[in-house]
Amino acid sequence: QIIDLSYLPDSVHLVKDLQNNLFGKTHNLFIDTTNALLYLCSVKPIVNGVDQSLIPLRVFSLADPVNPLLLWSGPFDIDEVHDIFVRDNLAILNCGYEGLRIYDFSQANQPQLLSTIEVYPDQGYNHQGWLSPDNSTYVFADETTGKRVKKCTYNAEDHQLSIDVLFGTENYADAVPHNIVCTDNWAFVAYYNEGLRIYDIRNAPREIAFYDTYNQS
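Residues numbered from 1 in each chain as written. Predicted model: local features only at pLDDT ≥ 70, side-chain atom pairs only at ≥ 80, totals over all residues. Heavy atoms only, no water.

## Section: the overall build of the chain
Step number 1: Helix and strand counts for the chain come out as zero helices and 20 strands.
Step number 2: Against the globule reference of 17 Å for 217 residues, the chain gives a C-alpha radius of gyration of 18 Å, in line with a compact fold.
Step number 3: Across the 217 residues that make up the chain, the buried fraction comes to 42%.
Step number 4: Of the charged side chains in the chain, 13 are positive and 28 negative; the average position of the first set lies 3 Å away from that of the second. (Helix = DSSP H or I, 4+ residues; strand = E, 2+ residues; numbered from the N terminus. Rg over C-alpha atoms; globule rule 2.2 N^0.38 Å. Buried < 20%, exposed > 50% of the residue type's maximum accessible area, 1.4 Å probe, protein only. Lys, Arg positive; Asp, Glu negative; His and termini not counted. Charge placed at Lys NZ, Arg CZ, Asp CG, Glu CD.)

## Some remarks on the packing of aromatic side chains
Step number 1: By the definition in use, this model includes 12 aromatic pairs.
Step number 2: Ring geometry for W72 against Y103: centres 6.5 Å apart, planes inclined by 50 degrees, an arrangement best described as tilted. With W72 in strand β8 (residues 69-74) and Y103 in strand β11 (residues 100-104), this residue pair connects regions lying 31 residues apart in the sequence.
Step number 3: Residue class for W72 comes out buried when judged on its relative accessible area of 16%.
Step number 4: When the centroid spacing of 5.4 Å and the interplanar angle of 90 degrees are considered together, the rings of Y120 and F140 count as edge-to-face. Taken together, the residues span a long stretch of sequence, with Y120 in the loop between β12 (112-117) and β13 (126-131) and F140 in strand β14 (residues 137-142) at a distance of 20 residues. In terms of burial, Y120 and F140 fall into one category: buried.
Step number 5: Connected via pairs of aromatic rings, a cluster forms that spans Y39, W72, Y103 and F105. (Phe/Tyr/Trp six-rings, centres within 6.5 Å; stacked < 30°, edge-to-face > 60°.)

## A few points about the sheet that holds strand β3 (residues 25-32)
Step number 1: Strand order in the open sheet made by the four strands is β3-β4-β7-β8, with antiparallel pairing throughout. Bordering the open sheet on either side are β3 and β8, each of which pairs with just one other strand. Across this sheet, the average inter-strand angle for adjacent strands is 25 degrees, counted without regard to direction. (Pairing = 2+ DSSP bridges. Axes fitted to C-alpha atoms, helices over the stretch in contact; angles between N-to-C directions.)

## With respect to a nonpolar patch on the surface
Step number 1: Among the surface-exposed residues, I3, L5, L8, V12 and L14 lie close enough to one another that they form a single nonpolar patch of about 480 Å² accessible area.
Step number 2: With respect to the helices and strands, L14 occurs in strand β2 (residues 13-16). (Patch = residues over 30% accessible without salt bridge, like charges linked within 9 Å, V, L, I, M, F, W, Y side chains within 5 Å. Areas by Shrake-Rupley, 256 points an atom, 1.4 Å probe, with all protein chains shown as cover. Salt bridge = Lys/Arg side-chain N within 4 Å of Asp/Glu carboxyl O.)

## Considering the side chain of K150
Step number 1: Among the secondary structure elements, K150 is positioned in strand β15 (residues 149-155).
Step number 2: Separated by 2.8 Å, the side chain of K150 and the backbone oxygen of R148 make a polar contact.
Step number 3: Contacts of K150, omitting those with residues within four sequence positions, involve Y120, P121, D122, Y138, V139, F140, D142, I163, V165, L166 and F167. (Polar contact = N/O pair within 3.5 Å; in protein donor to acceptor, adjacent residues only side chain to side chain. Contact = heavy atoms within 4.5 Å.)

## Remarks on unusual backbone geometry
Step number 1: Residue P9 is reached from L8 by a cis peptide bond, and omega for that bond is 5 degrees.
Step number 2: Within the secondary structure, P9 is located in the loop between β1 (2-4) and β2.
Step number 3: A cis amide bond, omega -20 degrees, links G74 with the succeeding residue P75.
Step number 4: Structurally, the position occupied by P75 is in the loop between β8 and β9 (83-87).
Step number 5: For N48, which is not glycine, the phi torsion reads 50 degrees and is therefore positive.
Step number 6: Inspection of the secondary structure puts N48 in the loop between β5 (46-47) and β6 (50-51).
Step number 7: Positive phi values are uncommon outside glycine, yet D122 reaches one of about 55 degrees.
Step number 8: The topology assignment puts D122 in the loop between β12 and β13.

## What about the environment of L113?
Step number 1: Counting through the fold element by element, L113 comes out in strand β12.
Step number 2: On the basis of relative accessible area, L113 is assigned to the partly exposed category, the value being 40%.
Step number 3: With 22 residues separating them along the chain, L113 and A91 place their C-alpha atoms 9.6 Å apart.
Step number 4: Not counting chain neighbours up to four residues away, the residues in contact with L113 comprise R101, I102 and Y103.

In structure tokens form, the structure reads like this:
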């Protein structure tokens, strides 16, 4: 759905409702506002009311934001792209059981694969991650019980990620990390059953605060 928020606080306007052979069902999306590109993860197009085969990733131009223009679909050598982080055409893809990929979308209709990580410590279902604003640190999580969060150094020259340290709650063996947002100094980690955990990531990550979002098990 495309919604116009410019009339807030008086009203919101539904501009367009898109469910078709381009959009259908989508797991997640990310917008690179600098370049007006919309990234849709794990898309199942719908044709005549019938779900089609899953497409790992689709990229649309938002030059005309009410009428997104499809630029690219792929990559078709993997099963899925579960989530994505994009900043100024640099895209880090979370590819489930197939690890991580980094692409350059400077030419959005012909993206360039820069690097991959297919095997790494404490590997599970590669779910989601976040690049720090200074582009030096990437933190990601595997949506798998007992797998710790990974802090990585990002090298902008060769576009490689190197995992520096694994970290998590004291109860990590029974916990599932889910989504992460980072500043240059802090990582905010949402867990299934350990609430919100905040880590100082300037050196070795250490927990500095938490909020238990669910007071049962």
